[in-house]
Amino acid sequence: MIVLIVVTTLTAVTGVLGAATVVGSFGRRGPARTTSDFLVASRSVTPLWNASAISSEYVSAAAFLGTAGLVLTYGADMLWLPIGAAAGYVVVLVLITGPLRRSGVYTLSDFAEWRLGSRRLRHAVSGCICFIGWFYLLPQFQGAGVTLRVVAGMPVWVGWAIVVVVVLGTVLFGGMRSITVVQAFQFWFKLLALAIPAVVLVVIWRLHGGPDPTRPYPPAFVRPTTVSVAFHVGLRVPVGTQGWVDGVVDGRRYHGEKVLLAAGRHVVAEDTRIAFPAGAAVPHAEQIPVQCGDRWARPFGRSGDHPLFGTYSMLLGMLLGTMGLPHIVVRFYTNTNGRAARRTVTLVLAMLSLFYVFPTLYGALGRVFTPELLMTGDADATILMLPGRLVPGLAGTLLTGLVAAGAFAAFVSTSCGVVVAIAGTLSQSGSGTGVRKFRIGAVIAITVPLTLVGWLGTLGAAGLVTLAFVISACSLCPLLVLGVWWRGLTPIGAGAGLVVGCGCAVAAGLTQIIAGRQPGWWGTLLGQPAIAVVPLTFLVMVVVSLLTRAHVPRGVDRAMARLHLPEELLKDRP
Amino acid sequence: MAEPRRVVVTGPRSRGVPAPRYSPVTRDIDEQTELGAVYVRSLMRVQLRHSLATCAIVAIVVGVLPLVFVLAPGLSAIKALGVPLPWLVLGLGVQPLWIGAAARYVRRAERTERDFTDLVARS
């Protein structure tokens with residue numbers, strides 16, 4: 001059975017990626033040759049292709065697996081994530097898309113140097129980009145590892161290795177033009193990989209009589225379920241439950257005897273198996289809150305620390321953070337002009353809205369059919385486990401293979417985008433440019449998170465993507481917005497803002513990762529610092545710029561004309 | 001015998017590929033004169049107004065929705081088609097708003113640019 005799953009999955013994965021790579025390398029006009037080809041696909045990608053590619057890069061492991069897991073665990077509170085994600089693109093569209101495309105430079109670092117004329121500022125921006133990109137790559141590797149562990153029982157490093165090989169292969173030999181096509185293709189593949197099993201699952205859910213996850217009881221097993229606990233965990237049992245235990249519970253060893261787990265806390269040693277009868281309440285891992293269905297289905301149903309404040313701060317981080325994600329913004333340069341770039345973003349919005357319906361659906365179904373994930377804490381596996389759980393036999397195996405292949409497409413496409421963005425930034429930072437430097441940059445881009453991912457274990461995976469958003473909202477967002485719309489920005493002001501914003505955001509994130517969640521206002525602020533740090537960064541940039549007014553770059557009027565005038569008025573300009 | 005009247009045959013005016021327009025204003029903008037800068041500033045002001053209006057829509061929706069659910073928890077108990085109201089609103093209801101706001105902004109921004117190009121070409 002497991003062997004069959006592996007074979008299906010890997011065949012599907014290699015088939016998809018192989019097809020995509022061949023289309024990418026040899027489609028259009030032959031293999032990539034010049035640096036310009038590598039970096040921005042020679043600016044000849046149509047809005048539909050580009051919108052598919054952007055959506056594809058955005059739909060990462062966090063969106064694909066994480067959202068479903070978060071919905072299963074925390075319920076309605078996580079529905080703000082898709083809203084913030086889509087709204088972030090509206091902000092990107094109205095504030096920077098057209099001007100950024102018209103500036104005609106390749107990367108965000110180029111933009112900073114071109115607009116403010118400072119080499120040192122350029123390096124500061126490159127630093128921010130690397131931080132954001134690396135924090136974004138880490139969860140991709142982790143997701144790939146989890147996918148292969150859950151689906152095929154393989155060690156996590158196999159997943160990492162596959163992602164590294166495929167990403168480096170695609171990026172090193174094709175550059176951006178190749179991966180634009182690959183990305184676009186993969187978006188539609190991922191959408192189908194989620195949508196087809198989702199339709200099947202909903203039909204089966206109806207056939208089961210449509211069990212309702214929103215009833216006012218703690219989640220319960222709908223059918224007899226045996227749960228294997230892989231690590232030593234503390235469990236919180238909401239309602240007294242019976243189970244047949246094979247292993248160690250609360251320090252006593254059992255060999256398949258019937259045990260009464262009274263309501264309260266219990267400790268389960270590793271490699272313990274507990275068989276629960278249908279209807280038993282699900283014990284929760286300690287870090288997961290126990291919620292009855294009605295509270296789970298209600299926004300702010302949890303009694304946490306300042307949930308409204310946390311939600312606002314998270315939404316602000318996502319709204320403003322999207323514009324600084326280096327792998328997204330670099331894509332606008334591949335549009336033919338500012339107008340096409342704007343239309344691209346509108347299409348992206350529609351595509352993302354469609355996509356995000358499915359992880360939510362899986363999360364809700366998971367609450368009914370795979371509630372043991374609340375006990376094992378492996379909520380990221382929801383999407384991967386549902387098809388096999390509900391659809392018996394070969395059909396279930398095939399659907400699992402399809403979903404897993406979609407998940408791999410997500411890891412690969414996001415990683416490709418981030419690696420190209422970092423490599424492009426790094427390769428232009430030194431003196432001169434060239435394809436060779438781009439390739440070296442790509443290797444550096446992927447090596448740093450790869451060395452960290454083994455270290456990190458499963459710690460803070462969900463928070464890492466949010467952290468990337470927050471860093472971007474606190475550093476690059478103010479730089480871009482002020483750079484595009486305000487003549488008075490000086491390199492010194494921008495630099496000061498970057499140091500303060502990026503510094504605060506990274507410090508808050510690392511504190512959160514190393515010291516764990518803190519209670520009270522302070523902890524809430526550390527967990528979601530955007531609402532405090534973003535205004536601070538804007539303030540620093542504006543005040544320092546006003547104080548150093550003499551350093552406003554001399555060509556600012558020309559730069560503003562270039563950013564805001566329609567292309568046809570500027571035809572004769574370089 | 002009167003000769004047939006002469007007619008001028010012209011191609012249809014197309015919006016797709018505008019001919020390069022050279023006018024005094026284009027030169028002003030190019031040469032960074034005070035007048036050129038005034039033109040650019042006026043365009044920026046209009047564009048920024050459209051942008052901020054759209055941002056305001058986003059801010060109002062994102063700012064008000066959480067408050068509504070906090071202040072009126074009774075709303076969450078309502079079900080439509082078996083799905084709780086917050087899930088319908090947050091999962092399906094808000095996204096069309098974003099698409100609409102974005103489409104409206106793109107239309108306005110493009111019209112502004114077209115008007116500006118025409119204005120520059122005329123003057």
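Given the structure is predicted, the values throughout are model-derived calculations rather than measurements.

1. A short note on the overall build of chain B
Okay, so step 1: Helix and strand counts for chain B come out as three helices and two strands.
Okay, so step 2: N-terminal to C-terminal, the α/β element order of chain B is α-α-β-β-α.
Okay, so step 3: Taking the contacts inside chain B whose residues are at least 6 apart along the sequence as the reference set, 59% of them involve residues at least 24 apart.

2. Some details on the overall build of chain A
Okay, so step 1: The secondary structure content of chain A amounts to 22 helices and seven strands.
Okay, so step 2: With 574 residues in all, chain A has 57% of them scored as buried.

3. Focus on the confidence of the model for chain A
Okay, so step 1: Confidence in the prediction for chain A averages 81 pLDDT; 87% of positions are at 70 or higher.
Okay, so step 2: Within the model, the stretch residues 22–33 of chain A combines pLDDT values under 50 with 20 contacts to residues more than four positions away or in other chains.

4. Section: the interface of chain B and chain A
Okay, so step 1: With 42 residues of chain B at the interface, the matching set in chain A holds 42 residues.
Okay, so step 2: The element that contributes the greatest number of residues to the side of chain B that touches chain A is helix α3 (residues 85–122) of chain B, accounting for 20 residues.
Okay, so step 3: Here the side of chain B that touches chain A is composed, by residue class, of 31 nonpolar, nine polar and two charged.

5. Quick word on the packing of helix α19 (residues 491–515) of chain A against helix α21 (residues 530–547) of chain A
Residues and elements named next belong to chain A.
Okay, so step 1: Close contact between α19 and α21 brings their axes to 7 Å; oriented N to C, the two are set at 160 degrees. Of the possible angle classes, the one that applies to α19 and α21 is roughly antiparallel. Where α19 crosses over α21, the two elements pack in a sense that is right-handed. Along the contact surface, α19 presents Ile492, Gly493, Ala494, Ala496, Gly497, Val500, Gly501, Cys504 and Ala505, while α21 presents Val533, Leu536, Thr537, Val540, Met541, Val544 and Ser545.
Okay, so step 2: When grouped by side-chain class, the residues that make up the contact of α19 with α21 number 11 nonpolar, five polar and no charged.

6. Some remarks on the environment of Trp296(A)
Residue and element names in this part refer to chain A.
Okay, so step 1: Counting through the fold element by element, Trp296 comes out in helix α9 (residues 293–296).
Okay, so step 2: Accessibility expressed as a C-beta count within 10 Å gives 27 for Trp296, which makes it buried.
Okay, so step 3: Once you skip the residues sitting within four places of it in the chain, Trp296 turns out to touch Gly75, Gln291 and Gly301.

7. Topic: unusual backbone geometry
It is generally the case that most residues other than glycine have a negative phi and that most peptide bonds are trans.
Residues and elements named next belong to chain A.
Okay, so step 1: Positive phi is not limited to glycine here, since Asp250 has a value of about 50 degrees.
Okay, so step 2: If you trace the backbone, Asp250 turns up in the loop between β3 (241–249) and β4 (252–261).
Okay, so step 3: In this structure Asp250 comes out as partly exposed when scored by C-beta crowding, with 13 C-beta atoms within 10 Å.
Okay, so step 4: Even without glycine at this site, Asp271 takes up a positive phi of about 60 degrees.
Okay, so step 5: The class for Asp271 is partly exposed, based on 13 C-beta atoms found within 10 Å.

8. Quick look at the nonpolar core
Okay, so step 1: Among the nonpolar cores identified, the biggest contains 197 residues, and Val90(A), Val91(A), Leu352(A), Val419(A), Ile471(A) and Cys474(A) are the most heavily contacted of them.
Okay, so step 2: Per-element tally for this core: the top contributor is helix α15 (residues 393–429) of chain A, with 19 residues.

Reading guide: rules and limits
Residues numbered from 1 in each chain as written. Chains lettered and ligands numbered in written order. Predicted model: local features only at pLDDT ≥ 70, side-chain atom pairs only at ≥ 80, totals over all residues. Helix = DSSP H or I, 4+ residues; strand = E, 2+ residues; numbered from the N terminus. Contact = placed C-beta atoms within 7 Å. Buried ≥ 20, exposed ≤ 12 C-beta atoms within 10 Å, placed from the backbone. pLDDT = per-residue confidence, 0-100. Nonpolar A, V, L, I, M, F, W, Y, C, P; charged D, E, K, R; others polar. Axes fitted to C-alpha atoms, helices over the stretch in contact; angles between N-to-C directions. Parallel < 35°, antiparallel > 145°, perpendicular 65-115°, else oblique. Left-handed = near helix turned anticlockwise from the far one by under 90°. Core = buried A, V, L, I, M, F, W, Y, C linked by C-beta atoms within 7 Å.

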